[in-house]
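# Residue-level structural notes
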Amino acid sequence: MRIGVMVCHCGNNIAATVDCEAVALAAREFPDVVFATDHMYACSDPGQKTIEQTIRDLKLDGVVVASCSPRMHEVTFRRAVERAGLNRYMFEMANIREHVAWISLDRKRNTEKATDLVRMAVEKLRYDRPLTAKSFEVHKRVLIIGAGVAGIQAALDCAEGGLDVVLVERRQSIGGIMSKLDKTFPTIDCSVCVLGPKMVDVGQHPRITLHTLSEVEELSGYVGNFEVKIRKKSPFVDWTKCTGCGACLEKCPSKKVPDRHNEGICTTTAITIPFPQAIPKRAAIDPTVCLRFTKGKCGVCQKVCPANAVDYDMQDEVLTEKVGAVITATGLDLFDHTKCGEYGGGRYPDVITSLQYERMLSASGPTAGHIKRPSDGAEPKTVVFIACVGSRDRSVDRPYCSTFCCMYTAKQAILTRDHIPDAKAYVFYMDIRACGKGYEEFIRRAQEEYDVQYIRGRVAQVYPTSGPTGGPSGGQLMVRGADTLLGAQVEIAADLVVLAVGAEAAHGAPELAEKLRISCDAYGFFLESHPKLRPVETNTVGIFLAGACQAPKDIPASVAQASAAAGKVLALLSKDKLESDPQIAQVQTIRCIGCGKCERTCPFGAIRMRELRDGSKRAEVVETVCQGCGICSVTCPVRAIQLAHFTDSQLLAEVNALCRTWDETTES
Amino acid sequence: MSGSATTSLTLGYYPGCSQTGTAAEYDRSSRACCQALGVRLVDVPDWTCCGSTPAHTVDHVLAGALAARNLLQAERIGHDRVATPCPSCLAALRTASQHLAQDVQPDSNAPEDMAPSFRAEVERLLDRPAPLRASAVSVLQVLAEDVGIAAIASAVKKPLTGLRVAPYYGCLLNRPPGLMAFDDPENPTALDRVLTACGATVVDFPFKTECCGAAFGMPRLDIMQRLSARILDMADTCGADVIVVACPLCQMNLDLRRGQVNDHSRRQGGREFSLPAPYFTQLLGLALGLAEADLGLDKLVLDLRPVLEAARAREQKRALEVAAVAAAKTAAKAAAKADGTSGQKPGKPGSEPGPKEDAPCA
């Protein structure tokens, strides 16, 4: 075998603390090495040209480059060796920048370590074999989970791009949190007026199949060939017959059901259409509260329905769909404000969440856009907003910033002054984070045009000032906090306190991540493949992220990421066939004893047991699903599974190379 | 937790200095309640001051050693858990356990791996090995969690029916949460639950953990007066008959210094407050049917007995009214039935008059 070695200086990044010339000189003594040199920038055009030229001139069989991390430039160099006629896997990289030069200043020992790493790479390369990628067919359909604004945007973009879309939403209507908002910042647009047309488009698009009241139960398969099981929960109403006339809602006798669309500030019926613009506008029964299901009595809706659509015996349905890619757009939930006992949320009726306040501001909300205190229905004259409730607070395990609360708080303060001109609005804040187009100007407007009083400091306690015997209610709430700019305590008697609750991962997100075999962070937000350069991909090929399921995001950011995810899916599925990575597990059938341990340990479901004609079982790798993690190969008790390009012989060759040099240096 | 009052539980007991003087009734009633509920308290032999506030403001190692000495004494007689009624002692003892476990001096600026060993420094002062496992727990936590609310409720002999109580935890009993690891730091409920089990009516009291002014009673009386007046004002506003306390220093400010607080309130154009401020263990003891002498009721500056009498009288009156209303209802129903016009569900029997057999606590 004829091997060439190139040691990169990376400007001064490596050369400052590693003697690259000495490393190259030493490499010439390694077995099979016929050429070794050093270069200022191996990744530069001249550097790549030198590699290609040397391969041709010296008829090399493989190349080692000692430079940066393979995450940076492995692809670059593989392309270079391929251009010179070698197989792209006849190439190895020794990381002497991140693993050597950047972590120590000791030039002598750095040079020794770099030499060791090059020796290991050479030994590994001696066992490299050419590998070829295989190609397979793809389904040109996409599954989108969650139909908030991100899911809606992704669905429309994909559908317009010519893909068939399966859109799954667990609630009765699409629209998500945006459909609950009154106005949006910084333009004070009517939220549902902006979103409504997109919702209608989703409902009518010929390429979009919409499943509401549905959840993903299981996802199997691999990029291009996913199979998904969807549970369509029974609405107990035949939606092909229901016209959404609402006659059932008027007659339903259980009228005390907390209205989820209105964040529980009013009640609704057991059979509902969540809001006027709902898509699909169909009625559904909540069996946990319906008298028919809880007590076995009633049946009014069935009697009054003019379309005869109510069916109490309707069952859940499980559908199977085949898709080529998946976009998750499951959004966020809001922090449970009752966890911060000092604010009295959940104990005092006039302490409400920002989304409850939003429903109150909304013309289609339960108060028809009039701000009313929950305790007595009076119009509040002093409204205090408390920012960062469940954001940037380590004591409730929410150390992150929810990113949008500063802005919606300013919006709600402005709207308060719009609705009740003689009202006072106070905002207790930690810092104002208004990084977005027109955002800082919007905050200024709140402060200057609308005279919203911003107080920099945290609130220590909210307590009722007075009340009838037995418990305070009805009176005002005293908000006590610090003004850190004045260095003083402040107390404000408020009629209404609005808690700017932060974002949490949607409930059930970690369970969904497990089903999809993607990762999530400690707080349940889905993990992107790279925080800077692969923000919409996951580490599972073919599954993409859109919106606040990845991290708290406002509407523009969610929409942008949704379109980005749609773009990724369209690019992926624009090809009729996909190529698989050949660095995957391979089973030596002769050695396999069919114990099935590998099948159980594989985190990607890439191994299945195949039955031979004699009835015995052998492991088989689904090449398109295998991610090349290597867990199976260390699990296998008889070493029957080898990871291509990282075989036992290769790893042992590296270890031997390292130990041999260690022997030599200690002996001398 | 079995519902009987014979829970067999033995703990070390660290009274703390206040409990030998100004708060002797807290000590006495804590012991009496524990005994009645089957908790055996074994005094830490030859206990000394926990270090209190002065020690840790001067030197963390010294504070650690003073507290650790007592934990060590408890460990020596085989008790790893030490109950104490005083939240301030509790904080000192728990801080020492925590610092010994973490083994790093809290005020050291040195990087973690170079900081001097806290344990070694404490051992140098103690001249013997520092305690390894022992930690402290509040009497309230022992009662609420080890004995259990259900067991307390079933052991109650003379329920405090009709007595409206404001539960006042003070700022230290649950906080800092990482150190105390008991109940909610902002809206604690353990005391509420204990008092409810005693039959009392717990009012929704927003100032459960507000500062009473603590030791400011000495250097800046005005601060303590203002803060304690706020707390009493809120308890009064909430309609409480008594404010129930769990800390000797809070109790001193709210009870012994009541005259000073009222002076201040009067000067500010406010009202004077007459509601008593007993320890929770005193009310619990009364509910358990213990003798007044065992609970040190006579040590309270503001007498508790008239309030108890008034609550009892009020409750009896209310019960009679309820009974009268119920009787009237059943009479009306019977009359209606006699008319033959009613065939509806049978009415619920009116609640019986209150526990009349309860003799006044004496």
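Predicted model only: the values in this text are computed from it and were never measured. (Residues numbered from 1 in each chain as written. Chains lettered and ligands numbered in written order. Predicted model: local features only at pLDDT ≥ 70, side-chain atom pairs only at ≥ 80, totals over all residues. Heavy atoms only, no water.)

### Digging into the overall build of chain B
Going by this rule: Elements are defined by DSSP. Helices are runs of H or I of four residues or more, strands are runs of E of two residues or more, and each kind is numbered from the N terminus. Relative accessibility under 20% of the residue-type maximum defines a buried residue, over 50% an exposed one, and the middle range a partly exposed one, all with a 1.4 Å probe and only protein chains included. Only heavy atoms matter for contacts: two residues are in contact if any of them lie within 4.5 Å across the pair. Every accessible area reported is derived by Shrake-Rupley at a probe size of 1.4 Å, with residue values counting cover from the shown protein chains alone.
Along the backbone of chain B there are 14 helices and 7 strands. By the burial criterion, 49% of the 362 residues in chain B qualify as buried. Look at the contacts in chain B between residues 6 or more apart in sequence, and 76% of them connect residues 24 or more apart. In the structure as shown, chain B presents an accessible area of about 16,200 Å², 55% of it carried by carbon and sulfur atoms.

### A closer look at the packing of aromatic side chains
Residues and elements named next belong to chain A. For the record, the criterion: Centres within 6.5 Å make a pair out of two Phe, Tyr or Trp rings, where for Trp the six-membered ring is used; the pair is then stacked when the planes are under 30 degrees apart, edge-to-face when over 60, and tilted otherwise.
Applying the stated criterion across every chain, the model contains 14 aromatic pairs over all chains. Their ring planes at 80 degrees and their centres at 5.7 Å tell us that Phe136 and Tyr222 sit as a pair that is edge-to-face. With Phe136 in strand 5 (residues 135-137) and Tyr222 in strand 11 (residues 214-222), this pair connects stretches of sequence that are 86 residues apart. Of the two residues, Phe136 and Tyr222, both sit in the buried class.

### Some details on the sheet that holds strand 22 (residues 424-429) of chain A
All names here are of chain A. Convention followed: DSSP calls a pair of strands paired once it identifies at least 2 bridges connecting them. Helix axes are fitted only over the stretch in contact, all axes being lines through C-alpha atoms; the angle between N-to-C directions runs from 0 to 180 degrees.
Strands sit in the order 20-27-21-22-23 across an open sheet of 5 strands; the sheet is parallel. With one partner strand each, in any of the chains shown, strand 20 (351-353) and strand 23 (453-456) form the two edges of the open sheet. Neighbour-to-neighbour, the strand axes of the sheet open up by a mean angle of 25 degrees, direction not taken into account. Relative to strand 23, strand 22 runs parallel, the two being bridged by 4 bridges. Within the sheet, the bridge partner assigned to Val427 lies in strand 23 and is Tyr454. Along the sheet, helix 11 (residues 354-361) contacts strand 20, strand 21 (382-389) and strand 27 (496-501); its crossing angle with strand 20, the most-contacted strand, is approximately 85 degrees.

### Observations concerning the nonpolar core
Threshold: To form a nonpolar core, buried Ala, Val, Leu, Ile, Met, Phe, Trp, Tyr and Cys residues must be joined to one another through side-chain atoms within 4.5 Å.
In this structure, A:Val142, A:Val165, A:Ile271, A:Ile285, A:Ile327 and A:Val569 are the most contacted members of the largest nonpolar core, which totals 76 residues. The leading source of residues in this core is helix 6 (residues 149-160) of chain A, at 8 residues.

### Re the sheet that holds strand 24 (residues 459-464) of chain A
Residues and elements named next belong to chain A. One open sheet holds the 3 strands; their spatial order is 24-25-26, and the pairing between them is antiparallel. Both edges of this open sheet fall to strand 24 and strand 26 (488-494), since each of them pairs with a single strand only. For this sheet the average axis-to-axis angle between neighbouring strands, irrespective of direction, equals 20 degrees. As judged from the 7 bridges shared by strand 25 (residues 477-483) and strand 26, these two strands associate in the antiparallel manner.

### Quick word on empty space enclosed by the protein
Residues and elements named next belong to chain A. The line we're drawing: Detection works on a 1 Å grid of protein atoms alone, calling trapped sets that fit a 1.4 Å probe cavities and calling open sets with protein on both sides within 12 Å along at least five of seven lines pockets, with lining residues defined by an atom within 4 Å of a point. Grid points are joined across faces, edges and corners, and a volume is the space filled by probe spheres set on the points. By the convention adopted, Pro, Cys, Tyr, Trp, Phe, Met, Ile, Leu, Val and Ala count as nonpolar, Lys, Arg, Asp and Glu as charged, and the other residues, Gly among them, as polar.
For the structure on display, the rule yields 10 cavities of 30 Å³ or more. Taken together, 15 residues form the lining of the second largest cavity, with Gly221, Tyr222, Phe226, Thr540 and Val625 sitting closest to its centre. Looking at the lining of the second largest cavity, the elements that each hand over two or more residues are strand 11 and helix 14 (509-516). When grouped by side-chain class, the residues that make up the lining of the second largest cavity number 9 nonpolar, 4 polar and 2 charged.

### A look at helix 3 (residues 60-76) of chain B
Residues and elements named next belong to chain B. Inclusion rule: Expected span of a helix, by definition, is 1.5 Å for each gap between consecutive residues, and there is one gap fewer than residues.
End to end, helix 3 covers 24 Å across 17 residues, agreeing with the expected 24 Å (1.5 Å per residue, within 8%). Across the 17 residues that make up helix 3, a large majority, 12, are buried. Taken as a whole, helix 3 has its buried residues at Val61, Ala63, Gly64, Ala65, Ala67, Ala68, Asn70, Leu71, Leu72, Gln73, Ala74 and Glu75. Turning to helix 3, the residues buried within the fold contact helix 2 (52-58), strand 3 (81-84), helix 4 (87-102), helix 5 (118-126) and strand 4 (135-138).

### Looking at the pattern of salt bridges
To be explicit about the condition: Whenever a carboxyl oxygen of Asp or Glu lies within 4 Å of a side-chain nitrogen of Lys or Arg, that contact is scored as a salt bridge.
Under the defined criterion, the tally for this structure stands at 56 salt bridges over all chains. A salt bridge links A:Glu491 to B:Arg230; its shortest N-O distance comes to 4.0 Å. Linking A:Glu491 in strand 26 with B:Arg230 in helix 9 (residues 221-237), this pair reaches from one chain into another. B:Arg175 is the partner of B:Glu186 in a salt bridge, and the nearest nitrogen-oxygen pair spans 3.7 Å. Here the residue B:Glu186 occupies a position in the loop between helix 7 (177-180) and helix 8 (190-197), and B:Arg175 occupies one in the loop between strand 5 (164-168) and helix 7, the gap between them amounting to 11 residues. Through salt bridges with shared partners, one network takes in A:Arg480, A:Glu491, B:Glu210 and B:Arg230.

### Some words on the domain arrangement of chain B
All names here are of chain B. Put simply, the rule reads: A domain assignment, automatic or from a database, supplies the domain bounds used here. The term buried area refers to how much accessible surface (probe radius 1.4 Å) is lost by two components on association, counted for both of them together. Throughout this description, a polar contact denotes any pair of N or O atoms lying within 3.5 Å of each other; where both atoms belong to protein, one of them has to be capable of donating a hydrogen while the other can accept it, and for residues adjacent in sequence the pair is counted only when both atoms sit in side chains.
Segmentation of chain B into domains returns domain 1 (9-138) and domain 2 (156-309). Each of domain 1 and domain 2 was reduced to a C-alpha centroid, and the two centroids are 25 Å apart. Between domain 1 and domain 2 the total buried area reaches about 2,000 Å² when both faces are included, carbon and sulfur atoms providing 71% of it. If you sort the residues of domain 1 by the area they bury against domain 2, Glu25, Tyr26 and Pro87 come out on top, with a joint share of 31%. There are 0 salt bridges connecting domain 1 and domain 2. Here domain 1 and domain 2 share 4 residue pairs in polar contact (both at pLDDT 80 or more) between them. Looking at the side of domain 1 that touches domain 2, the elements with two or more residues in it are helix 1 (24-36) and helix 4. Counting residues per element, the side of domain 1 that touches domain 2 draws most heavily on helix 1, which supplies 9 residues. Looking at the side of domain 1 that touches domain 2, its residues break down into 12 nonpolar, 10 polar and 3 charged.

### Here we look at helix 3 (residues 70-83) of chain A
Residues and elements named next belong to chain A. The end-to-end C-alpha distance of helix 3, which contains 14 residues, comes to 19 Å, matching closely the 20 Å that a straight helix rising 1.5 Å per residue would cover. For helix 3, every residue scored as buried is listed here: Thr76, Phe77, Arg78, Ala80 and Val81. Buried residues in helix 3 make contact with helix 2 (45-58), strand 3 (62-67) and strand 4 (91-95). Gly85 sits one or two residues past helix 3 and shows a positive phi near 100 degrees.

### A look at the side chain of B:Arg258
All names here are of chain B. Put simply, the rule reads: Residues scored as charged are limited to Lys and Arg (positive) and Asp and Glu (negative), so that His and the chain ends carry no count.
Looking at the secondary structure, you find Arg258 in helix 11 (residues 258-267). The side chain of Arg258 sits in the buried core without any salt bridge; Asp255 is the nearest counter-charge, 5.4 Å away. Once you skip the residues sitting within four places of it in the chain, Arg258 turns out to touch Leu232, Asn253, Phe273, Ser274, Leu275, Pro276, Ala277 and Leu302.

### Concerning a nonpolar patch on the surface
Going by this rule: Surface patches are defined over residues having more than 30% relative accessible area and no salt bridge, joining like charges when they lie within 9 Å and nonpolar side chains (Val, Leu, Ile, Met, Phe, Trp, Tyr) when within 5 Å.
A cluster of nonpolar residues, B:Leu62, B:Leu66 and B:Leu125, forms a patch on the protein surface that exposes about 220 Å² of accessible area. Secondary-structure assignment places B:Leu125 in helix 5.

### So, the pairing of strand 2 (residues 33-39) of chain A
Pairing geometry for strand 1 (residues 3-8) of chain A and strand 2 of chain A, over 6 bridges, is parallel. The residue of strand 2 of chain A that forms the bridge with A:Met6 is A:Thr37.

### What about the confidence of the model for chain A?
For any part of a model where pLDDT is low, the fine detail of the predicted coordinates should not be relied upon. Rule in force here: Known as pLDDT, the predictor's per-residue confidence is scaled from 0 to 100.
Residues of chain A with pLDDT of at least 70 account for 97%, and the chain-wide mean is 93. In the predicted structure, residues 467-473 of chain A sits below a pLDDT of 50 and forms 18 contacts with residues beyond four places in sequence or in another chain.

### Things to note about the environment of A:Gln561
Residue and element names in this part refer to chain A. Topologically, Gln561 is positioned in helix 15 (residues 555-572). Classification of Gln561 as buried rests on a relative accessible area of 7%. Along the sequence, Gln561 and Ser214 sit 347 residues apart, while their C-alpha atoms lie 24 Å from each other. Setting aside its immediate chain neighbours within four residues, Gln561 contacts Pro535, Val536, Leu545, Ala546, Gly547, Gln550 and Lys553. Side-chain polar atoms of Gln561 contact the backbone oxygen of Pro535, separated by 3.1 Å. Side-chain polar atoms of Gln561 contact the side chain of Gln550, separated by 3.3 Å.

### Quick notes on the confidence of the model for chain B
Residues and elements named next belong to chain B. For chain B, the mean per-residue pLDDT works out to 89, and 89% of the residues sit at or above 70. Long-range and interchain partners of residues 1-5, a stretch whose pLDDT sits below 50, account for 14 contacts in this model, where long-range means more than four residues apart. Here residues 345-362 is a poorly scored stretch, pLDDT under 50, and it has 19 contacts once near neighbours within four places are set aside; other chains count.

### Remarks on unusual backbone geometry
Cis rather than trans, the peptide bond between A:Ile279 and A:Pro280 has omega equal to -5 degrees. Tracing the backbone through its elements, the reader meets A:Pro280 in the loop between strand 15 (271-272) and strand 16 (284-285). Cis geometry is adopted by the peptide bond preceding B:Pro176, which originates at B:Arg175 and carries an omega value of -5 degrees. Looking at the element boundaries, B:Pro176 is found in the loop between strand 5 and helix 7. If you check the backbone angles, A:Asp32 has positive phi at about 70 degrees while not being a glycine. Relative to the helices and strands, A:Asp32 resides in the loop between helix 1 (20-27) and strand 2. Residue classification places A:Asp32 among the partly exposed residues on the basis of a relative accessible area of 28%. Positive phi is not limited to glycine here, since B:Asp183 has a value of about 60 degrees. Locating B:Asp183 in the fold gives a position in the loop between helix 7 and helix 8. Residue B:Asp183 is classed as partly exposed on the basis of its relative accessible area, which comes to 25%.

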